[in-house]
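# Residue-level structure breakdown
These are the residues of each chain, in order.
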Amino acid sequence: MQNFIFENPTKIIFGQGQIGRVGKEVARFGRTVLLVYGLGSIKKNGIYDQATASLREAGLNIVEFPGVKSNPVLSHTLKGIALAREKQAEVVLAVGGGSVIDTAKTIAAGVRADHDVWDFFTYKKSIQSALPVLTVLTLAASASEMNAAAVMTREEGLQKFSIRSPHIQPRVSILDPTALFTLPATYSAYSAVDAIAHMLEPYFNNTEPDSPFQDRLVEGLMRTIMESTEIILKEPANYSARANMIWATTWAFNGLTSTGMGLISLPVHMIEHSLSAIYDIAHGAGLSIVLPGWMRYTLDRNAGKLARLAREIFLISERDERLAAVAGIERLQAWFAAIGSPTSLTEAGIPEEDIDKIAENAAVLAQVWQLKDYSKEVITEILQQCR
Ligand code: NZQ
Ligand code: ZN
(Lines give C-alpha, C1' and ligand atoms only; values in the text may rest on other atoms or scores of the structure.)
(Ligands and ions follow the chains in the order given, each with its own letter.)
Protein backbone atom coordinates (compact mmCIF):
# COMPACT_ATOMS: atom_id res chain seq x y z
CA MET A 1 0.00 0.00 0.00
CA GLN A 2 1.45 3.37 -1.02
CA ASN A 3 1.25 6.65 0.91
CA PHE A 4 -1.94 8.64 0.49
CA ILE A 5 -4.09 11.40 1.94
CA PHE A 6 -7.78 10.60 2.13
CA GLU A 7 -10.14 13.43 2.96
CA ASN A 8 -13.81 13.44 2.08
CA PRO A 9 -15.64 16.27 3.83
CA THR A 10 -19.11 15.84 2.24
CA LYS A 11 -21.82 15.47 4.87
CA ILE A 12 -24.26 12.75 3.80
CA ILE A 13 -27.88 12.79 4.91
CA PHE A 14 -29.32 9.42 3.99
CA GLY A 15 -32.80 7.94 3.88
CA GLN A 16 -36.45 8.16 3.07
CA GLY A 17 -38.08 11.53 3.83
CA GLN A 18 -34.79 13.42 4.21
CA ILE A 19 -35.20 15.87 1.28
CA GLY A 20 -37.23 18.08 3.64
CA ARG A 21 -33.99 18.90 5.48
CA VAL A 22 -32.44 20.64 2.50
CA GLY A 23 -33.67 24.14 3.41
CA LYS A 24 -31.95 24.15 6.79
CA GLU A 25 -28.75 22.78 5.30
CA VAL A 26 -28.64 25.35 2.49
CA ALA A 27 -29.40 28.19 4.94
CA ARG A 28 -26.10 27.48 6.73
CA PHE A 29 -24.27 28.75 3.64
CA GLY A 30 -26.30 31.72 2.38
CA ARG A 31 -29.70 33.34 1.82
CA THR A 32 -29.90 33.35 -2.00
CA VAL A 33 -29.69 29.92 -3.58
CA LEU A 34 -29.26 29.05 -7.26
CA LEU A 35 -31.43 25.96 -7.75
CA VAL A 36 -29.99 23.91 -10.64
CA TYR A 37 -32.01 21.11 -12.22
CA GLY A 38 -32.61 19.18 -15.43
CA LEU A 39 -35.30 18.79 -18.05
CA GLY A 40 -38.28 18.06 -15.85
CA SER A 41 -38.09 14.67 -14.11
CA ILE A 42 -38.06 16.33 -10.67
CA LYS A 43 -41.30 18.14 -11.46
CA LYS A 44 -43.02 14.88 -12.43
CA ASN A 45 -41.91 12.82 -9.45
CA GLY A 46 -42.49 15.41 -6.73
CA ILE A 47 -38.85 16.01 -5.76
CA TYR A 48 -39.01 19.61 -6.98
CA ASP A 49 -42.01 20.25 -4.70
CA GLN A 50 -40.30 18.65 -1.70
CA ALA A 51 -37.07 20.61 -2.19
CA THR A 52 -38.63 24.01 -2.90
CA ALA A 53 -41.09 23.70 0.02
CA SER A 54 -38.14 23.10 2.32
CA LEU A 55 -36.14 26.02 0.86
CA ARG A 56 -39.14 28.34 1.27
CA GLU A 57 -39.73 27.17 4.81
CA ALA A 58 -36.13 28.15 5.60
CA GLY A 59 -36.87 31.65 4.23
CA LEU A 60 -34.44 31.44 1.31
CA ASN A 61 -34.53 33.38 -1.96
CA ILE A 62 -34.70 30.83 -4.76
CA VAL A 63 -33.23 31.59 -8.18
CA GLU A 64 -34.16 28.79 -10.55
CA PHE A 65 -31.79 27.51 -13.23
CA PRO A 66 -33.47 24.57 -15.03
CA GLY A 67 -32.70 23.02 -18.41
CA VAL A 68 -29.51 21.03 -17.77
CA LYS A 69 -29.34 18.25 -20.33
CA SER A 70 -27.71 14.88 -19.86
CA ASN A 71 -24.05 15.22 -20.92
CA PRO A 72 -24.14 18.89 -19.88
CA VAL A 73 -22.82 21.58 -22.20
CA LEU A 74 -20.71 24.65 -21.60
CA SER A 75 -23.03 27.12 -23.38
CA HIS A 76 -25.87 26.40 -20.95
CA THR A 77 -23.55 26.45 -17.95
CA LEU A 78 -22.28 29.92 -18.94
CA LYS A 79 -25.88 31.16 -18.69
CA GLY A 80 -25.98 29.75 -15.17
CA ILE A 81 -22.82 31.62 -14.24
CA ALA A 82 -24.28 34.88 -15.58
CA LEU A 83 -27.56 34.32 -13.69
CA ALA A 84 -25.77 33.49 -10.43
CA ARG A 85 -23.74 36.71 -10.74
CA GLU A 86 -26.75 38.84 -11.63
CA LYS A 87 -28.84 37.53 -8.71
CA GLN A 88 -25.86 37.42 -6.36
CA ALA A 89 -26.37 33.79 -5.45
CA GLU A 90 -24.44 32.78 -2.36
CA VAL A 91 -24.91 29.04 -2.60
CA VAL A 92 -25.69 26.51 -5.36
CA LEU A 93 -28.10 23.60 -4.91
CA ALA A 94 -28.14 20.80 -7.50
CA VAL A 95 -31.24 18.60 -7.59
CA GLY A 96 -30.57 15.82 -10.08
CA GLY A 97 -28.00 13.35 -11.35
CA GLY A 98 -24.37 13.76 -12.39
CA SER A 99 -25.12 16.20 -15.21
CA VAL A 100 -26.97 18.60 -12.92
CA ILE A 101 -24.40 18.31 -10.14
CA ASP A 102 -21.49 18.86 -12.53
CA THR A 103 -23.20 21.93 -13.95
CA ALA A 104 -23.73 23.26 -10.43
CA LYS A 105 -20.07 22.67 -9.59
CA THR A 106 -18.88 24.43 -12.74
CA ILE A 107 -21.17 27.40 -12.08
CA ALA A 108 -19.92 27.57 -8.48
CA ALA A 109 -16.31 27.80 -9.67
CA GLY A 110 -17.09 29.99 -12.67
CA VAL A 111 -18.85 32.70 -10.65
CA ARG A 112 -15.63 33.45 -8.80
CA ALA A 113 -13.33 33.31 -11.85
CA ASP A 114 -12.22 36.42 -13.75
CA HIS A 115 -11.37 34.39 -16.86
CA ASP A 116 -12.92 31.85 -19.23
CA VAL A 117 -14.24 28.97 -17.08
CA TRP A 118 -13.03 26.51 -19.76
CA ASP A 119 -9.45 27.32 -18.70
CA PHE A 120 -10.13 25.14 -15.63
CA PHE A 121 -10.96 22.20 -17.90
CA THR A 122 -7.79 22.53 -19.97
CA TYR A 123 -5.78 22.94 -16.74
CA LYS A 124 -4.53 26.39 -17.82
CA LYS A 125 -5.93 27.72 -14.52
CA SER A 126 -6.64 26.02 -11.21
CA ILE A 127 -9.76 26.66 -9.14
CA GLN A 128 -8.98 28.99 -6.25
CA SER A 129 -12.45 29.33 -4.74
CA ALA A 130 -16.11 28.51 -5.43
CA LEU A 131 -19.58 29.07 -4.05
CA PRO A 132 -20.67 26.28 -1.69
CA VAL A 133 -22.41 23.41 -3.51
CA LEU A 134 -25.07 21.14 -2.00
CA THR A 135 -26.94 18.32 -3.73
CA VAL A 136 -30.14 16.31 -3.64
CA LEU A 137 -29.30 13.18 -5.62
CA THR A 138 -31.86 11.67 -8.01
CA LEU A 139 -29.65 9.29 -10.00
CA ALA A 140 -27.00 7.05 -8.43
CA ALA A 141 -24.02 6.65 -10.79
CA SER A 142 -21.46 9.42 -11.07
CA ALA A 143 -20.63 9.79 -7.34
CA SER A 144 -20.41 13.51 -8.10
CA GLU A 145 -22.46 13.96 -4.91
CA MET A 146 -19.40 12.97 -2.87
CA ASN A 147 -16.40 13.81 -5.02
CA ALA A 148 -14.45 16.81 -6.25
CA ALA A 149 -14.92 16.28 -9.99
CA ALA A 150 -17.15 17.70 -12.72
CA VAL A 151 -17.41 16.81 -16.41
CA MET A 152 -18.56 19.20 -19.13
CA THR A 153 -18.78 19.26 -22.94
CA ARG A 154 -17.71 22.31 -24.90
CA GLU A 155 -19.77 22.11 -28.08
CA GLU A 156 -17.10 23.86 -30.13
CA GLY A 157 -14.62 21.09 -30.95
CA LEU A 158 -16.79 18.51 -29.14
CA GLN A 159 -14.50 18.34 -26.15
CA LYS A 160 -15.75 16.53 -23.05
CA PHE A 161 -13.25 17.44 -20.35
CA SER A 162 -13.24 17.45 -16.55
CA ILE A 163 -12.17 19.47 -13.52
CA ARG A 164 -11.25 18.38 -10.02
CA SER A 165 -10.92 20.63 -6.97
CA PRO A 166 -11.75 20.45 -3.25
CA HIS A 167 -13.52 23.82 -3.67
CA ILE A 168 -16.33 22.24 -5.70
CA GLN A 169 -16.80 19.14 -3.54
CA PRO A 170 -20.39 19.20 -2.23
CA ARG A 171 -20.69 20.38 1.39
CA VAL A 172 -23.87 18.35 1.93
CA SER A 173 -25.59 15.69 -0.16
CA ILE A 174 -29.02 14.24 0.52
CA LEU A 175 -29.43 10.63 -0.59
CA ASP A 176 -33.05 9.52 -0.47
CA PRO A 177 -33.38 6.09 -2.15
CA THR A 178 -37.04 6.75 -2.95
CA ALA A 179 -35.92 9.60 -5.27
CA LEU A 180 -34.61 6.88 -7.62
CA PHE A 181 -37.91 4.99 -7.92
CA THR A 182 -38.91 6.84 -11.11
CA LEU A 183 -35.66 6.22 -12.99
CA PRO A 184 -36.26 4.42 -16.28
CA ALA A 185 -34.78 0.92 -16.68
CA THR A 186 -32.23 2.27 -19.17
CA TYR A 187 -30.66 4.71 -16.71
CA SER A 188 -30.89 2.21 -13.85
CA ALA A 189 -28.73 -0.09 -15.99
CA TYR A 190 -26.32 2.65 -17.13
CA SER A 191 -25.82 3.59 -13.48
CA ALA A 192 -24.54 0.13 -12.69
CA VAL A 193 -22.16 0.17 -15.66
CA ASP A 194 -20.77 3.57 -14.70
CA ALA A 195 -20.15 2.61 -11.07
CA ILE A 196 -18.51 -0.66 -12.10
CA ALA A 197 -16.24 1.18 -14.54
CA HIS A 198 -15.31 3.69 -11.82
CA MET A 199 -13.98 0.84 -9.72
CA LEU A 200 -12.52 -1.45 -12.37
CA GLU A 201 -10.41 1.23 -14.01
CA PRO A 202 -8.26 1.82 -10.89
CA TYR A 203 -8.47 -1.95 -10.12
CA PHE A 204 -6.62 -2.59 -13.39
CA ASN A 205 -4.73 0.69 -13.90
CA ASN A 206 -2.56 1.37 -10.87
CA THR A 207 1.04 1.17 -9.74
CA GLU A 208 0.51 -0.94 -6.61
CA PRO A 209 0.78 -4.72 -7.02
CA ASP A 210 -0.24 -5.56 -3.44
CA SER A 211 -3.80 -4.39 -2.85
CA PRO A 212 -5.97 -7.04 -1.15
CA PHE A 213 -7.92 -4.44 0.86
CA GLN A 214 -8.80 -2.30 -2.15
CA ASP A 215 -9.45 -5.32 -4.38
CA ARG A 216 -11.92 -6.76 -1.91
CA LEU A 217 -13.64 -3.40 -1.47
CA VAL A 218 -14.13 -3.24 -5.23
CA GLU A 219 -15.30 -6.83 -5.51
CA GLY A 220 -17.78 -6.41 -2.63
CA LEU A 221 -19.18 -3.15 -3.98
CA MET A 222 -19.41 -4.63 -7.46
CA ARG A 223 -21.39 -7.65 -6.25
CA THR A 224 -23.73 -5.35 -4.35
CA ILE A 225 -24.27 -3.15 -7.42
CA MET A 226 -24.95 -6.15 -9.66
CA GLU A 227 -27.38 -7.79 -7.22
CA SER A 228 -29.20 -4.51 -6.56
CA THR A 229 -29.51 -3.75 -10.28
CA GLU A 230 -31.03 -7.14 -11.02
CA ILE A 231 -33.69 -6.49 -8.35
CA ILE A 232 -34.28 -2.88 -9.46
CA LEU A 233 -34.93 -3.90 -13.07
CA LYS A 234 -37.74 -6.15 -11.85
CA GLU A 235 -38.94 -3.92 -9.01
CA PRO A 236 -38.06 -0.24 -9.60
CA ALA A 237 -39.55 0.77 -6.24
CA ASN A 238 -37.68 -1.78 -4.13
CA TYR A 239 -36.39 0.44 -1.29
CA SER A 240 -33.66 -1.85 -0.08
CA ALA A 241 -32.18 -2.40 -3.55
CA ARG A 242 -32.27 1.35 -4.33
CA ALA A 243 -30.71 2.08 -0.91
CA ASN A 244 -27.85 -0.34 -1.49
CA MET A 245 -27.39 1.00 -5.00
CA ILE A 246 -27.27 4.68 -4.06
CA TRP A 247 -24.78 4.13 -1.25
CA ALA A 248 -22.58 1.64 -3.11
CA THR A 249 -22.31 3.83 -6.22
CA THR A 250 -21.39 6.82 -4.06
CA TRP A 251 -18.50 4.86 -2.52
CA ALA A 252 -17.48 3.47 -5.90
CA PHE A 253 -15.99 6.84 -6.94
CA ASN A 254 -15.51 8.98 -3.86
CA GLY A 255 -11.80 8.22 -3.62
CA LEU A 256 -11.90 5.32 -1.18
CA THR A 257 -11.29 2.34 -3.45
CA SER A 258 -8.22 3.86 -5.07
CA THR A 259 -6.46 4.95 -1.88
CA GLY A 260 -2.94 3.57 -1.64
CA MET A 261 -2.98 2.35 -5.25
CA GLY A 262 -0.35 4.84 -6.47
CA LEU A 263 -0.90 6.42 -9.86
CA ILE A 264 -4.23 5.47 -11.35
CA SER A 265 -5.67 6.23 -14.78
CA LEU A 266 -9.09 6.10 -16.46
CA PRO A 267 -8.50 5.30 -20.15
CA VAL A 268 -11.97 3.75 -20.61
CA HIS A 269 -13.58 6.94 -19.34
CA MET A 270 -11.28 8.93 -21.58
CA ILE A 271 -12.46 7.08 -24.69
CA GLU A 272 -16.10 7.11 -23.57
CA HIS A 273 -16.02 10.87 -23.15
CA SER A 274 -15.43 11.08 -26.91
CA LEU A 275 -18.44 8.84 -27.59
CA SER A 276 -20.77 10.95 -25.45
CA ALA A 277 -19.26 14.20 -26.80
CA ILE A 278 -19.70 13.21 -30.45
CA TYR A 279 -22.90 11.12 -30.33
CA ASP A 280 -24.47 12.37 -27.09
CA ILE A 281 -25.04 8.80 -25.89
CA ALA A 282 -25.56 8.11 -22.18
CA HIS A 283 -22.26 7.87 -20.33
CA GLY A 284 -22.99 4.38 -18.96
CA ALA A 285 -24.03 3.16 -22.40
CA GLY A 286 -20.71 4.36 -23.82
CA LEU A 287 -18.80 2.64 -21.03
CA SER A 288 -20.47 -0.75 -21.61
CA ILE A 289 -19.23 -0.54 -25.20
CA VAL A 290 -15.65 0.48 -24.37
CA LEU A 291 -14.88 -1.42 -21.14
CA PRO A 292 -15.02 -5.01 -22.49
CA GLY A 293 -13.07 -3.98 -25.61
CA TRP A 294 -10.42 -2.29 -23.49
CA MET A 295 -10.20 -5.39 -21.27
CA ARG A 296 -9.60 -7.57 -24.34
CA TYR A 297 -6.95 -5.12 -25.54
CA THR A 298 -5.07 -5.44 -22.21
CA LEU A 299 -5.36 -9.23 -21.98
CA ASP A 300 -1.62 -9.90 -22.29
CA ARG A 301 -0.66 -7.22 -19.79
CA ASN A 302 -3.50 -7.79 -17.29
CA ALA A 303 -4.27 -11.53 -17.48
CA GLY A 304 -3.64 -12.14 -13.75
CA LYS A 305 -5.98 -9.40 -12.53
CA LEU A 306 -8.58 -10.16 -15.18
CA ALA A 307 -8.55 -13.81 -14.05
CA ARG A 308 -8.95 -12.71 -10.43
CA LEU A 309 -12.02 -10.65 -11.35
CA ALA A 310 -13.45 -13.61 -13.29
CA ARG A 311 -13.00 -15.92 -10.32
CA GLU A 312 -14.21 -13.50 -7.62
CA ILE A 313 -17.24 -12.05 -9.44
CA PHE A 314 -18.31 -14.76 -11.86
CA LEU A 315 -17.01 -17.76 -9.89
CA ILE A 316 -15.14 -19.04 -12.93
CA SER A 317 -13.20 -22.17 -11.99
CA GLU A 318 -10.96 -22.37 -15.07
CA ARG A 319 -7.37 -22.89 -13.85
CA ASP A 320 -5.61 -21.41 -16.85
CA GLU A 321 -5.13 -17.70 -16.21
CA ARG A 322 -5.68 -16.51 -19.74
CA LEU A 323 -8.73 -18.68 -20.34
CA ALA A 324 -10.23 -17.54 -17.04
CA ALA A 325 -9.55 -13.91 -18.00
CA VAL A 326 -11.28 -14.31 -21.37
CA ALA A 327 -14.25 -16.06 -19.76
CA GLY A 328 -14.56 -13.20 -17.23
CA ILE A 329 -14.60 -10.55 -19.96
CA GLU A 330 -17.29 -12.48 -21.81
CA ARG A 331 -19.39 -12.83 -18.67
CA LEU A 332 -19.14 -9.12 -17.86
CA GLN A 333 -20.10 -8.19 -21.41
CA ALA A 334 -23.03 -10.63 -21.29
CA TRP A 335 -24.18 -9.10 -18.01
CA PHE A 336 -24.12 -5.61 -19.53
CA ALA A 337 -26.21 -6.93 -22.42
CA ALA A 338 -28.61 -8.70 -20.05
CA ILE A 339 -29.36 -5.48 -18.16
CA GLY A 340 -29.97 -3.66 -21.45
CA SER A 341 -26.79 -1.63 -21.96
CA PRO A 342 -25.19 -1.71 -25.45
CA THR A 343 -21.98 -3.70 -25.85
CA SER A 344 -20.78 -2.68 -29.31
CA LEU A 345 -20.45 0.45 -31.42
CA THR A 346 -22.71 -1.13 -34.02
CA GLU A 347 -25.45 -1.71 -31.48
CA ALA A 348 -25.32 1.98 -30.57
CA GLY A 349 -25.60 2.91 -34.26
CA ILE A 350 -22.00 4.14 -34.50
CA PRO A 351 -20.47 3.09 -37.82
CA GLU A 352 -17.06 1.45 -38.00
CA GLU A 353 -15.88 4.19 -40.37
CA ASP A 354 -16.15 6.67 -37.48
CA ILE A 355 -13.41 4.95 -35.44
CA ASP A 356 -10.74 7.29 -36.82
CA LYS A 357 -12.75 10.36 -35.85
CA ILE A 358 -13.42 9.02 -32.33
CA ALA A 359 -9.76 8.11 -31.83
CA GLU A 360 -8.68 11.57 -32.92
CA ASN A 361 -11.06 13.18 -30.43
CA ALA A 362 -9.96 10.89 -27.58
CA ALA A 363 -6.27 11.42 -28.33
CA VAL A 364 -6.71 15.12 -27.50
CA LEU A 365 -8.06 14.24 -24.04
CA ALA A 366 -5.26 11.68 -23.62
CA GLN A 367 -2.81 14.56 -23.91
CA VAL A 368 -4.72 16.72 -21.42
CA TRP A 369 -4.87 13.80 -18.97
CA GLN A 370 -1.24 12.92 -19.75
CA LEU A 371 -2.04 9.30 -20.64
CA LYS A 372 1.14 8.89 -22.67
CA ASP A 373 0.48 5.24 -23.59
CA TYR A 374 -2.73 6.21 -25.39
CA SER A 375 -1.77 7.50 -28.82
CA LYS A 376 -4.37 7.78 -31.57
CA GLU A 377 -3.12 4.44 -32.94
CA VAL A 378 -3.56 2.67 -29.58
CA ILE A 379 -7.05 4.14 -29.14
CA THR A 380 -7.91 2.97 -32.66
CA GLU A 381 -6.80 -0.55 -31.76
CA ILE A 382 -8.99 -0.51 -28.64
CA LEU A 383 -11.98 0.76 -30.61
CA GLN A 384 -11.48 -2.07 -33.11
CA GLN A 385 -12.19 -4.39 -30.15
CA CYS A 386 -15.48 -2.57 -29.50
CA ARG A 387 -17.08 -3.09 -32.92
O1 NZQ B 1 -33.12 16.01 -17.02
P2 NZQ B 1 -34.08 15.21 -16.24
O3 NZQ B 1 -35.48 15.41 -16.68
O4 NZQ B 1 -33.91 15.37 -14.76
O5 NZQ B 1 -33.80 13.65 -16.61
C6 NZQ B 1 -32.62 12.95 -16.26
C7 NZQ B 1 -31.74 12.63 -17.48
O8 NZQ B 1 -32.53 12.53 -18.64
C9 NZQ B 1 -33.01 11.58 -15.78
N10 NZQ B 1 -33.26 11.47 -14.33
C11 NZQ B 1 -32.44 11.81 -13.31
N12 NZQ B 1 -33.00 11.47 -12.14
C13 NZQ B 1 -34.20 10.91 -12.41
C14 NZQ B 1 -34.37 10.91 -13.82
N15 NZQ B 1 -35.49 10.41 -14.41
C16 NZQ B 1 -36.46 9.92 -13.62
N17 NZQ B 1 -36.34 9.87 -12.26
C18 NZQ B 1 -35.24 10.36 -11.62
N19 NZQ B 1 -35.13 10.25 -10.30
O20 NZQ B 1 -31.90 10.75 -16.07
C21 NZQ B 1 -31.22 11.24 -17.22
C22 NZQ B 1 -29.72 11.16 -17.01
O23 NZQ B 1 -29.31 12.07 -16.01
P24 NZQ B 1 -27.75 12.42 -15.84
O25 NZQ B 1 -27.62 13.37 -14.72
O26 NZQ B 1 -27.19 12.80 -17.16
O27 NZQ B 1 -27.12 10.98 -15.48
P28 NZQ B 1 -25.79 10.64 -14.67
O29 NZQ B 1 -26.00 10.82 -13.21
O30 NZQ B 1 -25.38 9.32 -15.16
O31 NZQ B 1 -24.74 11.75 -15.10
C32 NZQ B 1 -24.03 11.64 -16.32
C33 NZQ B 1 -23.00 12.73 -16.41
O34 NZQ B 1 -22.07 12.61 -15.33
C35 NZQ B 1 -20.74 12.62 -15.85
C36 NZQ B 1 -20.92 11.94 -17.17
O37 NZQ B 1 -19.83 12.11 -18.02
C38 NZQ B 1 -22.18 12.58 -17.69
O39 NZQ B 1 -21.89 13.84 -18.25
N40 NZQ B 1 -19.82 12.01 -14.88
C41 NZQ B 1 -19.46 12.73 -13.81
C42 NZQ B 1 -18.55 12.27 -12.90
C43 NZQ B 1 -18.12 13.06 -11.73
N44 NZQ B 1 -18.55 14.30 -11.59
O45 NZQ B 1 -17.36 12.58 -10.90
C46 NZQ B 1 -17.93 10.96 -13.04
C47 NZQ B 1 -18.53 10.08 -14.07
O48 NZQ B 1 -17.54 9.24 -14.57
C49 NZQ B 1 -19.18 10.77 -15.21
O50 NZQ B 1 -18.20 11.04 -16.18
ZN1 ZN C 1 -18.24 7.48 -15.10
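How big an interface is tends to be expressed through the accessible area that disappears when the partners come together. Domain parsing of the protein chain yields domain 1 (11-179) and domain 2 (185-384). Each of domain 1 and domain 2 was reduced to a C-alpha centroid, and the two centroids are 26 Å apart. Each partner contributes to the interface: domain 1 provides 31 residues, whereas domain 2 provides 29 residues. Taken over both partners, the interface formed by domain 1 and domain 2 buries close to 2300 Å², and the fraction arising from carbon and sulfur atoms is 63%. Where domain 1 packs against domain 2, one counts one salt bridge. Between Lys 69 and Asp 280 there is a salt bridge; the shortest N-O distance is 3.1 Å. Our count for the contact surface shared by domain 1 and domain 2 stands at nine residue pairs in polar contact (both at pLDDT 80 or more). When contributions to the side of domain 1 that touches domain 2 are tallied by element, the ones reaching two or more residues are β1 (11-14), β6 (149-154) and β7 (159-164). In terms of residue class, the side of domain 1 that touches domain 2 is built from 15 nonpolar, 11 polar and five charged.

The next subject is the coordination of the zinc ion (ligand 2). Looking at the metal site, the zinc ion (ligand 2) is ligated by Asp 194 (OD), His 198 (NE2), His 269 (NE2) and His 283 (NE2), spaced 2.0 to 2.2 Å from it. Spacing between the donor residues of the zinc ion (ligand 2) along the chain follows D-x3-H-x70-H-x13-H. Taken as a pair, Asp 194 in helix α7 (residues 185-204) and His 283 in helix α11 (residues 283-297) lie far apart in primary sequence, 89 residues in all. Looking at Asp 194, the relative accessible area reads 4%, which means it is buried.

Parameters and conventions
- Residues numbered from 1 in each chain as written.
- Chains lettered and ligands numbered in written order.
- Predicted model: local features only at pLDDT ≥ 70, side-chain atom pairs only at ≥ 80, totals over all residues.
- Heavy atoms only, no water.
- Domains from an automatic or database assignment.
- Contact = heavy atoms within 4.5 Å.
- Buried area = accessible area lost by both parts, 1.4 Å probe.
- Salt bridge = Lys/Arg side-chain N within 4 Å of Asp/Glu carboxyl O.
- Polar contact = N/O pair within 3.5 Å; in protein donor to acceptor, adjacent residues only side chain to side chain.
- Helix = DSSP H or I, 4+ residues; strand = E, 2+ residues; numbered from the N terminus.
- Nonpolar A, V, L, I, M, F, W, Y, C, P; charged D, E, K, R; others polar.
- Donors = N, O, S within 2.8 Å, 3.2 Å for Na, K, Ca; no water.
- Buried < 20%, exposed > 50% of the residue type's maximum accessible area, 1.4 Å probe, protein only.

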